[in-house]
Amino acid sequence: DDDNDSLVRTAQKRKTKRMIQKYILLSKIQKIMIGISILSPFVLSWNQSMVLSQCLTTILYYYCVKSDGMLMLFKHDNNNNSSGTNVRRKRQYHALLEQKRNKVLWRGYIVSVVLLLVTDAMSMSSWCFLGWYLPVERTTSAANPILSSLISFGSGGGSGG
């Protein structure tokens, strides 16, 4: 029976250690995201959609990590709980509410990241193309009028037949 108790304690210690390592990793990622969100307005304009959506996603991630920490505390508290049944039921109820909240937060975070990637990918292509097309058009119109007319014809500037 003592061997069984020691095995259970060892398993609980391993599980607690894994939960702590997961929380530390999530916290480090959170700090990196906050740092990038703070530096983004210096690289991009502060009122661009990319910066604003990145800040909102970082805030949502912050609450996801906070909720994970609360769940970890509830799970750890349930393992070491020796109080009455009413207190235990209340803790289980709050743990269940926090678990539902955690699922909703993580789902919202995943949806917001997917939307962020899709919208930024769509707008990034136009930024890259305009950044390449406009300087080329300026240099070719000054250097070679024939090439400039071909570029304007290809972009819809010529008369269609």
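All values reported here derive from a predicted model rather than from experimental measurement.

Cut-offs and rules
Residues numbered from 1 in each chain as written. Predicted model: local features only at pLDDT ≥ 70, side-chain atom pairs only at ≥ 80, totals over all residues. Heavy atoms only, no water. Helix = DSSP H or I, 4+ residues; strand = E, 2+ residues; numbered from the N terminus. Buried < 20%, exposed > 50% of the residue type's maximum accessible area, 1.4 Å probe, protein only. Patch = residues over 30% accessible without salt bridge, like charges linked within 9 Å, V, L, I, M, F, W, Y side chains within 5 Å. Areas by Shrake-Rupley, 256 points an atom, 1.4 Å probe, with all protein chains shown as cover. Salt bridge = Lys/Arg side-chain N within 4 Å of Asp/Glu carboxyl O. Lys, Arg positive; Asp, Glu negative; His and termini not counted. Charge placed at Lys NZ, Arg CZ, Asp CG, Glu CD. Polar contact = N/O pair within 3.5 Å; in protein donor to acceptor, adjacent residues only side chain to side chain.

K.L.:
Explain the overall build of the protein chain residue by residue, including any values.
P.N.:
Helices and strands together make up the secondary structure of the protein chain, namely 4 helices and 0 strands. Helices and strands appear in the protein chain in the N-to-C order α-α-α-α. Here the protein chain holds 161 residues, and 21% of them are scored as buried.

K.L.:
Provide a residue-level description of a positive patch on the surface, including the pertinent values.
P.N.:
Judged by side-chain charge, Arg14, Lys15, Arg18, Lys22 and Lys75 come together as a positively charged surface patch. The element that contributes the greatest number of residues to the positive patch is helix α1 (residues 2–43), accounting for 4 residues. Assignment of secondary structure puts Arg18 in helix α1. Here Arg18 falls in the exposed class, since its relative accessible area comes to 53%.

K.L.:
Pulling in residues and values, what's your account of the side chain of Asn102?
P.N.:
The residue Asn102 is located in helix α3 (residues 85–143) in this model. By relative accessible area, which is 6% here, Asn102 ends up buried. At 2.5 Å, the side chain of Asn102 forms a polar contact with the side chain of Asp68.

K.L.:
Residue-level account of a nonpolar patch on the surface, with values.
P.N.:
Among the surface-exposed residues, Ile34, Ile38, Leu39, Phe42, Val43, Leu56, Ile59, Tyr62 and Tyr63 lie close enough to one another that they form a single nonpolar patch of about 970 Å² accessible area. Only α1 and α2 (49–79) provide two or more residues apiece to the nonpolar patch. No other element matches α1, which puts 5 residues into the nonpolar patch. Within the secondary structure layout, Tyr63 lies in helix α2. Tyr63 gets classed as partly exposed once you look at its relative accessible area, which sits at 38%.

Shape is all these values report; function is a separate question.
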